[in-house]
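What follows is the residue order along each chain.
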Protein chains: 4
Amino acid sequence: MSLVCLEDFKAYARQQLSKSSWDFIEGEADEGITRSDNIAAFKRIHLRPRYLRDVSKVDTRTTIQGQEISAPICISPSAFHSVAWPDGERSTARAAQEVNICYITSTYTSCTLEDIVAAAPGGLRWFQLYVQPDWELNKRLVQRVEALGFKALVITVDAPVIGNRRQNMRNQLNLEENIMLKDLRSPEERNSTITAPTSLPSPSFCWDDLSMFQTMTRLPIILKGILTKEDAELAVKHNVQGIYVSNHGGRQLDGVPASGEYGVKEVLNILKAELHTSMALSGCQSVAEISPDLIQFSRL
Amino acid sequence: MSLVCLEDFKAYARQQLSKSSWDFIEGEADEGITRSDNIAAFKRIHLRPRYLRDVSKVDTRTTIQGQEISAPICISPSAFHSVAWPDGERSTARAAQEVNICYITSTYTSCTLEDIVAAAPGGLRWFQLYVQPDWELNKRLVQRVEALGFKALVITVDAPVIGNRRQNMRNQLNLEENIMLKDLRSPEERNSTITAPTSLPSPSFCWDDLSMFQTMTRLPIILKGILTKEDAELAVKHNVQGIYVSNHGGRQLDGVPASGEYGVKEVLNILKAELHTSMALSGCQSVAEISPDLIQFSRL
Amino acid sequence: MSLVCLEDFKAYARQQLSKSSWDFIEGEADEGITRSDNIAAFKRIHLRPRYLRDVSKVDTRTTIQGQEISAPICISPSAFHSVAWPDGERSTARAAQEVNICYITSTYTSCTLEDIVAAAPGGLRWFQLYVQPDWELNKRLVQRVEALGFKALVITVDAPVIGNRRQNMRNQLNLEENIMLKDLRSPEERNSTITAPTSLPSPSFCWDDLSMFQTMTRLPIILKGILTKEDAELAVKHNVQGIYVSNHGGRQLDGVPASGEYGVKEVLNILKAELHTSMALSGCQSVAEISPDLIQFSRL
Amino acid sequence: MSLVCLEDFKAYARQQLSKSSWDFIEGEADEGITRSDNIAAFKRIHLRPRYLRDVSKVDTRTTIQGQEISAPICISPSAFHSVAWPDGERSTARAAQEVNICYITSTYTSCTLEDIVAAAPGGLRWFQLYVQPDWELNKRLVQRVEALGFKALVITVDAPVIGNRRQNMRNQLNLEENIMLKDLRSPEERNSTITAPTSLPSPSFCWDDLSMFQTMTRLPIILKGILTKEDAELAVKHNVQGIYVSNHGGRQLDGVPASGEYGVKEVLNILKAELHTSMALSGCQSVAEISPDLIQFSRL
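Model, not experiment: these values are computed from the prediction.

Asker: So what's going on with the overall build of chain A? Residues and values would help.
Answerer: The helix and strand tally for chain A stands at twelve helices and eight strands. Of all 300 residues assigned to chain A, the portion counted as buried reaches 49%. On chain A, roughly 14000 Å² of surface is accessible, and the fraction owed to carbon and sulfur atoms is 51%.

Asker: Quick one: what's the story with the sheet that holds strand β3 (residues 74-75) of chain A, residue by residue and with numbers?
Answerer: Residue and element names in this part refer to chain A. Pairing is parallel across the open sheet formed by six strands, whose spatial order is β3-β4-β5-β6-β7-β8. The outermost strands of the open sheet, each flanked by one partner alone, are β3 and β8 (242-244). In the sheet, strand β7 (residues 221-224) pairs with β8 via three bridges, with the strands oriented parallel. Across the sheet, the residue bridging to K224 is Y244, located in β8. The strands touched by helix α4 (residues 89-99) are β3, β4 (102-105) and β5 (125-129); relative to β4, the strand with the most contacts, the crossing angle is about 155°.

Asker: Give a description of the packing of aromatic side chains that names residues and reports values.
Answerer: Ring pairs (aromatic) are described by centroid distance and by the angle formed between their planes. The tally for this structure, following the rule as stated, stands at 24 aromatic pairs over all chains. Taken together, a centroid distance of 5.8 Å and an interplanar angle of 80° make the contact between F205 of chain B and F213 of chain B edge-to-face. Taking relative accessible area as the criterion, F205 of chain B reaches 7% and is therefore assigned buried. On the basis of relative accessibility, which here comes to 0%, the residue F213 of chain B falls in the buried class. Joined through ring pairs, the aromatic side chains of F80, Y108 and Y130 of chain A make up one cluster. Across from the ring centre of Y244 of chain A, 5.1 Å away, lies the NZ or CZ of K224 of chain A, which sits over that ring.

Asker: Go over the pattern of salt bridges, please, and point to the residues and values.
Answerer: Summed over the entire model, instances satisfying the criterion amount to 46 salt bridges over all chains. Among the salt bridges present, the one from E230 of chain A reaches R48 of chain D, with a minimum N-O distance of 2.6 Å. Of this pair, E230 of chain A sits in helix α11 (residues 229-237) while R48 of chain D sits in the loop between α3 (33-44) and β1 (62-64), which puts the two residues in different chains. The buried category is assigned to R48 of chain D, whose relative accessible area is 18%. Each of the salt bridges in this network shares a partner with another, and the network as a whole consists of D87, R90, R94 and D115 of chain A.

Asker: Any chance you could break down a nonpolar patch on the surface for me, citing the residues and the numbers?
Answerer: All names here are of chain A. A cluster of nonpolar side chains, namely F42, I45 and L47, defines an oily patch on the protein surface of about 310 Å² accessible area. For I45, the position within the fold is in the loop between α3 (33-44) and β1 (62-64). Judged by its relative accessible area of 36%, I45 is partly exposed.

Asker: Tell me about the side chain of S78 of chain D, residues and numbers included.
Answerer: Residue and element names in this part refer to chain D. Inspection of the secondary structure assignment puts S78 in the loop between β3 (74-75) and α4 (89-99). On the basis of relative accessibility, which here comes to 15%, the residue S78 falls in the buried class. Within polar-contact distance, the side chain of S78 engages the side chain of H81 at 3.0 Å.

Asker: Tell me about the packing of α4 of chain A against helix α12 (residues 261-282) of chain A, and name the residues and values.
Answerer: All names here are of chain A. Interhelical geometry of α4 versus α12 gives an angle of 35° and a closest axis separation of 8 Å. Here the hand of the crossing between α4 and α12 comes out right-handed. In this structure, α4 contributes S91, R94, A95, A96, E98 and V99 to the contact, and α12 contributes E261, V264, K265, L268, N269 and K272. Residues that form the contact of α4 with α12 fall into these classes: five nonpolar, two polar and five charged.

Asker: Break down the environment of N100 of chain A for me, citing the residues and quoting the values.
Answerer: Residues and elements named next belong to chain A. Summarising the element assignment, N100 is placed in the loop between α4 and β4. Accessibility expressed as a relative area gives 34% for N100, which makes it partly exposed. Linking N100 and C74, residues 26 residues apart in sequence, is a C-alpha distance of 9.7 Å. In this structure N100 touches E68, I69 and S70, once residues within four positions along its chain are discounted.

Asker: An account of α4 of chain A is needed here, citing residue identities and associated values.
Answerer: All names here are of chain A. If you check which residues of α4 are buried, you get E89, S91, T92, A93, A95, A96 and V99. Lining the buried residues of α4 we find β3, β4, α5 (113-119), β5 and α12. Looking at the residues trailing α4, positive phi occurs at N100, about 60°.

Asker: A description of the confidence of the model for chain A should follow, citing residues and the corresponding values.
Answerer: All names here are of chain A. A residue-level look at chain A finds 82% of positions with pLDDT of 70 or above and a mean pLDDT of 82. Here helix α7 (residues 166-170) stands out as the element of chain A with the lowest mean pLDDT, 58, in contrast to β5, whose mean of 97 is the highest. In the model, residues 249-259 has pLDDT below 50 throughout and makes 23 contacts with residues more than four positions away in sequence or in other chains. Interface confidence for the predicted complex, expressed as ipTM, amounts to 0.82; the pTM equals 0.82.

Asker: Which residues make up the sheet that holds strand β4 (residues 102-105) of chain B, and what values do they have?
Answerer: In any sheet, the strands associate via hydrogen bonds between backbone groups, in a parallel or an antiparallel arrangement. Residues and elements named next belong to chain B. Taken in spatial order, the six strands of this open sheet run β3-β4-β5-β6-β7-β8, and their pairing is parallel. Each end of this open sheet is capped by a strand with a single partner; those strands are β3 (74-75) and β8 (242-244). Sheet strands touched by helix α4 (residues 89-99): β3, β4 and β5 (125-129). Its angle to β4, the strand with the most contacts, is close to 155°.

Asker: Quick one: what's the story with the pairing of strand β7 (residues 221-224) of chain C, residue by residue and with numbers?
Answerer: Residues and elements named next belong to chain C. Of the two faces of β7, the one carrying I221 and L223 and the one carrying I222 and K224 are both buried. Note: strand β6 (residues 153-156) against β7, four bridges, orientation parallel. From the neighbouring strand, L153 faces β7, where its bridge partner is I221. As for the winding sense of the linkage, the β-α-β connection from β7 through helix α11 (residues 229-237) to strand β8 (residues 242-244) is right-handed.

Asker: I'd love a proper account of the environment of I221 of chain A, names of residues and values included.
Answerer: All names here are of chain A. Topologically, I221 is positioned in strand β7. A sequence separation of 20 residues divides I221 from Q241, and the C-alpha atoms of the two residues are 5.4 Å apart. Sequence-distant contacts of I221, defined by excluding residues within four places in its chain, comprise L153, I155, F213, Q214, V240, Q241 and G242.

Basis of the calculations
Residues numbered from 1 in each chain as written. Chains lettered and ligands numbered in written order. Predicted model: local features only at pLDDT ≥ 70, side-chain atom pairs only at ≥ 80, totals over all residues. Heavy atoms only, no water. Helix = DSSP H or I, 4+ residues; strand = E, 2+ residues; numbered from the N terminus. Buried < 20%, exposed > 50% of the residue type's maximum accessible area, 1.4 Å probe, protein only. Areas by Shrake-Rupley, 256 points an atom, 1.4 Å probe, with all protein chains shown as cover. Pairing = 2+ DSSP bridges. Contact = heavy atoms within 4.5 Å. Axes fitted to C-alpha atoms, helices over the stretch in contact; angles between N-to-C directions. Phe/Tyr/Trp six-rings, centres within 6.5 Å; stacked < 30°, edge-to-face > 60°. Lys NZ or Arg CZ within 6 Å of the ring centre and 35° of its normal. Salt bridge = Lys/Arg side-chain N within 4 Å of Asp/Glu carboxyl O. Patch = residues over 30% accessible without salt bridge, like charges linked within 9 Å, V, L, I, M, F, W, Y side chains within 5 Å. Polar contact = N/O pair within 3.5 Å; in protein donor to acceptor, adjacent residues only side chain to side chain. Left-handed = near helix turned anticlockwise from the far one by under 90°. Nonpolar A, V, L, I, M, F, W, Y, C, P; charged D, E, K, R; others polar. pLDDT = per-residue confidence, 0-100. Right-handed = clockwise from strand over helix to strand, strands pointing away.

Structure follows, in C-alpha cells:
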C-alpha cells in the first residue's frame, strides 16, 4: 500500500516497530485524555474559506526568529530517535535540511550534538533544553549549543518532574533511568576525568533563574509549555523572545519507520503539500495572509 | 431485499461496483471530517411541525430560475457517470426528464453534451463549469452550452486546485490525469486540427474575471461553493443570479447501480415521496409554505 | 434470568417474537433519529434531589381528568396488540385495571371495543381516535365509545398521513393495508348491510373541524402530538381539555411477551416501584410535590 | 502484568472476584447513567497549570476537621469488605493507618468496630451512619463510636430508601436482607438478652431530628450526599460542621483483591503519588496553594 497521509505512516510504523519502541514513541501520560482532547480540538476547528482569489501562485515560505523556512512546519523535540531507526537524529537532521524547515533537537538525543551537526551542516536547528540542577552543566551545554550553530534555545517549563507514562512503566522501559544515564557532556569533556552528572530535569528552576540563561547566551529564548495567560504575561515581563504553546500531550509522531531519513522527508513533504493545498483552497497566497478571519470561532 | 431508502441504494451500489469505482463516487477529501460534519449537521436540524391543517392536497412543485420543476430536488454535478454504468449521463438525463427535476451537468462528463441533450431533449438542465485557463475554450464551451438549451451556468468557485482524495491516490486512479485528458471541445471542433487543450481548473480565476462570462452569455450565473457572508455579499455586488451553498464534501451519491436509468429514477421518486410525506406531516400544502419557522433554531 | 427492568422485558420480547412482529412493535419512522433523540433527551435530565425530608410515607396516587389513578403512568395507544400475544388488548385492559392506571385504547385494536370493556369492566380507559374522512363514522364511533364508558377522547393530530416505517416496508407488512381493512363499525352495525368503510386517517382534518367533535360528545378532548407553542395556544383557544406532548417517536414498548397479561402487569409494577423509589430519593411525599425545581435546567 | 494505576487494580479485582462479589462492589443503581456522568464530568475538568515555580519540595499534607493527614485522600464508606477478602475492614484500617489518611468506616461493616480499632489503634477514622429508626440504637451506636476514638460522625442523607441495584437483584444477592440482618449492637450488648433490631435506614429522618444527634455527641457532624445549594444552606443553618458532596453513584473502588491489605496500601500510595506529580506539574508546593484558579471553568 502506498503511504499517502500521516495516518498511513503511523500505521506502518506501528507494524514495523517493536511494542516497547512503539509505546515509547506513542506514549501518553496517564489515561491519554489530554491527547484525545488535542485531536478533538483540532477537529472542531472549522475554516472559513474565501474564493475567487488568484491562487495560481501560493508561497508557503515564512521566517522564524529571523530565519527563512520553506513552510511554517517544525520538528518538535522528542527523545532518543534511535529507538525507531539506527541512524537516529542524524537522519532527522538530513531530512529537515533537505526540506528546509526547522528541527528542534531534544536534550535527550541518541547521538552527540556534534554528530547531528556534521550530518546536515546547513540545516536550521534550535536546541530544546531540560534545565539541569547543575548550573555549570547548563552553562557548558548552552554555550556548546551556541557554538555549534543552533539558532535558539527552547526551555521546556512543563516538565519539572516526569509525568506518569503507563505503557513505559508496563514495559519496564524505565524512562527516568534512561534519562539519568544520558551523558550531557561534550565528547571532549568525556575524555577528561569529570564524572557524568545525572541528567534529570531540575524541579526547582523558576522565573528568577531565567536571567542566568540570559547572561550566558545571546541566543533567543523560547519557553515551551506555557498554557495560561498569566504565565504568558510573566514571559513578556522577563524578556523572553517567544513562547511555545503546547501541552506536551501525545507527542506528535515525528520519527517514523525503518528506512529512516526517507520516511521523515516524505512526511514533511506531505505536510507541506497539505498546507499548500489548504492555502489555495482558502484563498491565501502567502503565509502572511493566514489570519484569524479564516477560523469560524463561534463553533469552537 | 427491496430498496426502500437511499441508504439501501447506497449499500446495493457498494456491493455491485468495483472498489475503485466506489471510492471514486464516494470519495472524500482527506479524513472525511467535513463529510461527517455535513451528516451530523443535518441530523441536528429539528423540525417544528404544525398540525390540524388540511394536507389532503400537498403540492411539491416549485420554480428554479423561472423554470417549473416537480419538486425542489436537483441532481448535483458529479464527474464521469460511466464509472457506475455504461450509458453514463444519458441515463441520468432521461431519469431527470421523466421525474421533471433539474439535472446539473458536470464539466467532466463521460459522453458529449450533444449526446446528453439528444437522450432527453425535453429535460431541464444547467451546466456546471470548472473555469478553464484558456479563455477561448471557456467562451466556446459556454456559448455551445447556451445553444444546446442549458438554462443556467453554475460556476464552481471552491476548487481552484484539486483537494486530496486519499482513496483515489491509493487506487492509483489519478483524478488529475483523467481530468487533463478530458476533451472539452465540441464534436465539430474535434474534426478540426486544433489540439485538445488540457482541462484542469484555473487557479487564477477571480472576482474581476466574472464580467468576462457576463459578456459572453445571457444565461443566469450561479456561483457554487460560496461559504462565507463576505463572499455572498461580493456575489450580490457582482450581479450574479444565485449562489449555491455547498462545501463540496462527501459528494452526494446521485449516480447508482448497474440497471442504471431505472435506479436513478427510483431514487428521485423516493426523494420526492419523502418530501411529500414530510410536507404533509409538517402542515405544508405548498413549497412556498416551507419557512424558517419550521426549524427549531435554538438547537442548532 | 429474572426480568428486573424494562430493558430486560424488551430483550426477552425481542427473543420471543417473530422478526416482523418485533419490527412492527419497535418500528421507527425513517432512520430512527427522533427516537434516539428522545432517549438521549431523557438521559440529559438531571434531578436536584432534596434530602432530610420525611419520606416514610410516599403516595404515588394522582388524578387525571378527574379520575384517580394509582400513579401518573398511562398505557400509550398502540395498534394491534394481538401481534404480540393472542389475547390482544383484553390482557392489556385486565393488567391496567389491576394496577389501577389509565389505558388509552387505540383506534386500531385487534378485538372489538366491546370485548375490551367486557374483559375489565372497572378499568379507567380513554379512547385514541385517528379522525376518519367519513364524519358519520366518526360520530358513530365517538358516541359508541362514550356509551361504553371511556372517559376521554384523545385525538391524534400528528398523523395526517402515515410516516415511512422502513422495516415494515422491508417485511412487506403493509401497514396501510392492515389499517384500511380494519372494520371500525360496532358488532351490531356489522350485521346490517352497510359496507365497511376504509379507515385511513383523514388528511384534511383541521382546527375548524374540532367543533364537530365538541357537539357530538361531552367527553373531554385531548390533542395528541402537539409540539409547538403556537399549536398549544390554538388548542387553548379552541377549548380542548388537554394536550398530549409527544413526537410519536419510538412507540414505547407497552405490549410485551407471550405470557401476555402477567408481563404487562409486571412492567407496570416496575414503573410504579421506580417512581416510588425516585420520589423518596428526591424528597417528594406526593405527586403534587413534584415540581420543576427538581430539574437542573441549566444542563438541558 | 504490573499494576501501575487504579484501572489495573480494578481489572485485576474483576478477574479475581466471583461475579456476584464484583457486582456488589461495582454495583450501579438502575442504568448507571449517573455513574457515567460522574466519570465524564471528571474528564471535562481541565487544569490551568502554572510553570517556572520551585517544586523541588511538594508537600501533600493537610488537615481534616483538625487532624493532620498525609494527603487529601480518604477512604469512602462502603459496606461489607469481607465480600472482597476474608480479613475485611481490619486490612482497610491497617493500610489507612500506614499511609496516614482518613478511613470513613461504614455502618455496615463485616467485623465489629472494636475489631477494626484493635487492628490499627493509631489510625484516623470517621464513622458513617445510616440513621436507624430506633433512636435508642442510634444513641448507643454514636456514643460507642465516640468512645472508640472515631473523630467525626458522617450522616448519610441521600439513602432514605435503598436505590435499585439491578445486578444485585439479578444475582439474588438481597441487599436489604443483608442489611436487615446486620447486628448494630456492641459485643457486650449482644450478650444481653435484647433482640437484635433490624437495621434498615430510617425514611422519616429529617432536619428537625438533627438536634437529637447534636445533644448526644460532641463529635463534628458531616452530612453526606447534599447536592443542592438549598440543602447546603439548610446545613449551615442547622450548625453542622461539614457537608460531603456526593451522588453516591458508582461507589469508588476502594476495596480490592485477595492479598487484601497490601493492595489497599498500594492503591492509596498510587493516589498519593499521582497527587504529588499533579501538584508539581501544576506549580503547587502545598495543598493550601490548590485554588479554583487551577480549573478552566469556561470549559465545564
